[in-house]
Amino acid sequence: MDAMSLLTIFVLVVFVGFEVVSKVSSTLHTPLMSGANAIHGIILVGAIIVAGQAENGWVLAFGLLAVLLSTVNLVGGFVVTDRMLEMFAGRKVTPKAATESKKEDAR
Amino acid sequence: MSVLSPELTAGLYLLASVAFILALRGLSSPKTARRGNLIGAFGAVVAVLTVFLSANFENIPWILLTIAVGSAIAAPVSRRVQMTQMPQLVALFNGVGGGAAAIVALLELSHLSSPWSGLAVAFTILVGSVSFAGSCITFAKLQGLMPTKPLIFPGQPVVMGAVLIAALVAGGFVIATGSLGWALAMLALGLVTGVLLVNPVGGADVPIVISLLNAFTGLTVAASGLVLGNVLLLVAGTLVGASGTILTQAMAAAMGRKVSGIIFGAFRGGSTAGSTTVSDRPVRSSSPEDVAILLGYAQRVIVVPGYGLAVAQAQHTMAELAQTLEAKGIEVVFGIHPVAGRMPGHMNVLLAEANVPYEVLQEMDEVNPQFKTADVVLVVGANDVVNPAAKSSPGSPIFGMPILDVSSARQVVFFKRSMRPGFAGIENELLYEPQTTLVFGDAKETLTKVLTAVKNL
């Protein structure tokens, strides 16, 4: 893909990112950080490409190191975020949601 | 093995990109957050399966084995980690991600197609190694392997400047020549920069650095996407870069600081480490039983929890005390400072773990006007976030940080281990005020005694 198309995508995603993340409630800032952290673990895809095209042992060794590090990032990030959100999701969601919708009605 | 068409590959990557956006969007409400995260994880699985089928790769058994090993390391650690240790785990995951991106860029050096990708490779190697080294130092500080005090040596700004300039020069050579030697030199300089960048950052500011480094790693992943021509990496990395940037700004605002002030503040000597001397001025201390009587006569109680509450593992006792008081018709709310704990929103996670319902957790702006009418404020394991020095003494390192307005309450009870100052190392004048009483001891033990006494009232 040419440089201009990639730049276009980059700029548009910056706006999408700001838009989506500025709506996150401050209660969930810790899961946001660990969730975003998990998402950048997708560098695993790049690591797989590099390791899969390795033409000698050195490149393969370092490619596999990158695969290992990024797997830890990706898997660990999603698991730990899920654990945190499980504690938020389990209980008492309904009363809060109810009061919130009441507030919205009042507005 | 059959290979997917480029169109189908791009389509599946698009699906994964959308899944990541939905994952972040889910976090706008606690109700949808968990589902959002699962959608994100699904997107990641789709992306990884897609890359395997997108070309005829070699070494697939090795790669699969490595992924299995990585998962076997990460999953149990993530399942077992205590919620108080979450910040250092996030720092660690962030560091390994940055390291992985730097390695990928280094290995792509020999396949450069244009000066553009040379620039992206140089950027990824430099920022990825800064993020890796910086995250490791952050981890060491939070884990207590290193002192949390800012580490500064004479001439540090000069050394820092020289290292940065050398790294940029090496980067120029990488772009011009594509030589591995220069790339390795830049990698080494990036690691040194990371250490020098985080070393001078003092205790209370460390969470902001995690968030900043998170944004850095996101941008390196985005740049790797440019190098490999992979749109998914570009989108995912950019999303993380954007979220990290917003979060860093939000946190800095919650502490009344500028991001540049945190990173460069220590160089100018205005760090968060103030006096760590323990004063011997008189304070009023009382017993848990006295506190129970005080609570028994109260109508409105506000609890201000801090990281110390979680360190003592006293969240559950605190939650039970709140329920017991409510059963006696006493109104209890929790006032949560945005930077209570070790990362933004950390205290909410810790209290959610202890089954404290949402509706009693109030944010700073919401709870501040209520202190005037509160009968008793219980400050458990918090210090800097209620320190009036942030309002009254312009010379204080925390001056300008928005605080919980505890000093306007009728009675303030501090649960403290000792007279030692908080994470930021500044003395708290509120401890010596006439309306303040202190209960010394382990928060869990003293709260348990208060709870028993309240039940017997």
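Residues numbered from 1 in each chain as written. Chains lettered and ligands numbered in written order. Predicted model: local features only at pLDDT ≥ 70, side-chain atom pairs only at ≥ 80, totals over all residues.

A.B. asks: Lay out the interface of chain A and chain B with the relevant residues and their values.
C.D. replies: Taken together, the contact pairs 82 residues of chain A with 92 residues of chain B. Listed by contribution, the elements that provide at least two residues to the side of chain A that touches chain B are α1 (3-21), α2 (29-39), α3 (43-52), α4 (57-89) and α5 (93-106) of chain A. Considering each element in turn, the side of chain A that touches chain B owes the most residues, 30 residues, to α4 of chain A. Counted by class, the side of chain A that touches chain B contains 52 nonpolar, 23 polar and seven charged residues. (Contact = placed C-beta atoms within 7 Å. Helix = DSSP H or I, 4+ residues; strand = E, 2+ residues; numbered from the N terminus. Nonpolar A, V, L, I, M, F, W, Y, C, P; charged D, E, K, R; others polar.)

A.B. asks: Give me the lowdown on the confidence of the model for chain B, citing residues and values where you can.
C.D. replies: Residue and element names in this part refer to chain B. Per-residue pLDDT for chain B has a mean of 86; in total, 93% of the residues score no lower than 70. By mean pLDDT, the top-scoring element of chain B is helix α3 (residues 60-80) (95), and the lowest-scoring one is helix α10 (residues 259-265) (66). Throughout residues 266-277 the model reports pLDDT below 50, and contacts reaching past four residues in sequence, or to other chains, amount to 37 contacts. (pLDDT = per-residue confidence, 0-100.)

A.B. asks: Before we move on, can you summarise the nonpolar core with the specific residues and values?
C.D. replies: What tends to happen in soluble globular proteins is that the nonpolar side chains get buried as a cluster. Counting 191 residues, the largest nonpolar core has Ile 42 of chain A together with Met 186, Val 377 and Val 379 of chain B as its most contacted members. Here this core gets 16 residues from one element, more than from any other, and that element is α4 of chain A. (Core = buried A, V, L, I, M, F, W, Y, C linked by C-beta atoms within 7 Å. Buried ≥ 20, exposed ≤ 12 C-beta atoms within 10 Å, placed from the backbone.)

A.B. asks: Can you explain helix α8 (residues 206-228) of chain B? Please cite residues and give values.
C.D. replies: Relative to the 33 Å expected for 23 residues at 1.5 Å per residue, α8 of chain B spans 33 Å between its end C-alpha atoms, a close match to the ideal helical length. Where α8 of chain B terminates, the next one or two residues include Gly 229 of chain B, which has phi positive at roughly 65 degrees. (Expected span 1.5 Å × (residues − 1).)

A.B. asks: So what's going on with unusual backbone geometry? Which residues, and what values?
C.D. replies: Excluding glycine, residues mostly have negative phi values, and the peptide bonds linking residues are mostly trans. All names here are of chain B. At Gln 313, a residue that is not glycine, the phi angle is positive and equals roughly 55 degrees. Given 15 C-beta atoms within a 10 Å radius, Gln 313 is considered partly exposed. If you check the backbone angles, Asn 355 has positive phi at about 65 degrees while not being a glycine. Inspection of the secondary structure puts Asn 355 in the loop between α14 (346-353) and β3 (361-363).

A.B. asks: Give a description of the sheet that holds strand β4 (residues 376-380) of chain B that names residues and reports values.
C.D. replies: Residues and elements named next belong to chain B. The strand order across the open sheet formed by six strands is β3-β2-β1-β4-β5-β6, and the pairing between neighbours is parallel. Taken across any chain shown, the strands that pair with only one partner, and hence form the sheet edges, are β3 and β6 (436-440). Each strand axis lies, on average, 25 degrees off the axis of its neighbour in the sheet, ignoring direction. Pairing analysis gives four bridges linking strand β1 (residues 300-305) to strand β2 (residues 331-336), with the strands arranged parallel. Following the sheet pairing, Val 301 is matched in β2 by Val 332. (Pairing = 2+ DSSP bridges. Axes fitted to C-alpha atoms, helices over the stretch in contact; angles between N-to-C directions.)

A.B. asks: Please give an account of the domain arrangement of chain B that cites residues and values.
C.D. replies: The figure often quoted for interface size is the accessible area lost as the parts come together. All names here are of chain B. Looking at the assigned domains, one finds that chain B contains domain 1 (81-268) and domain 2 (288-455). Computed from C-alpha coordinates alone, the two centres of domain 1 and domain 2 are separated by 36 Å. Listed by partner, the interface residues are 15 residues for domain 1 and 18 residues for domain 2. If you list the elements that add at least two residues to the side of domain 1 that touches domain 2, you get α4 (86-108), α8 and α9 (231-254). Counting residues per element, the side of domain 1 that touches domain 2 draws most heavily on α9, which supplies four residues. Class assignment for the residues of the side of domain 1 that touches domain 2 results in 12 nonpolar, three polar and no charged. (Domains from an automatic or database assignment.)

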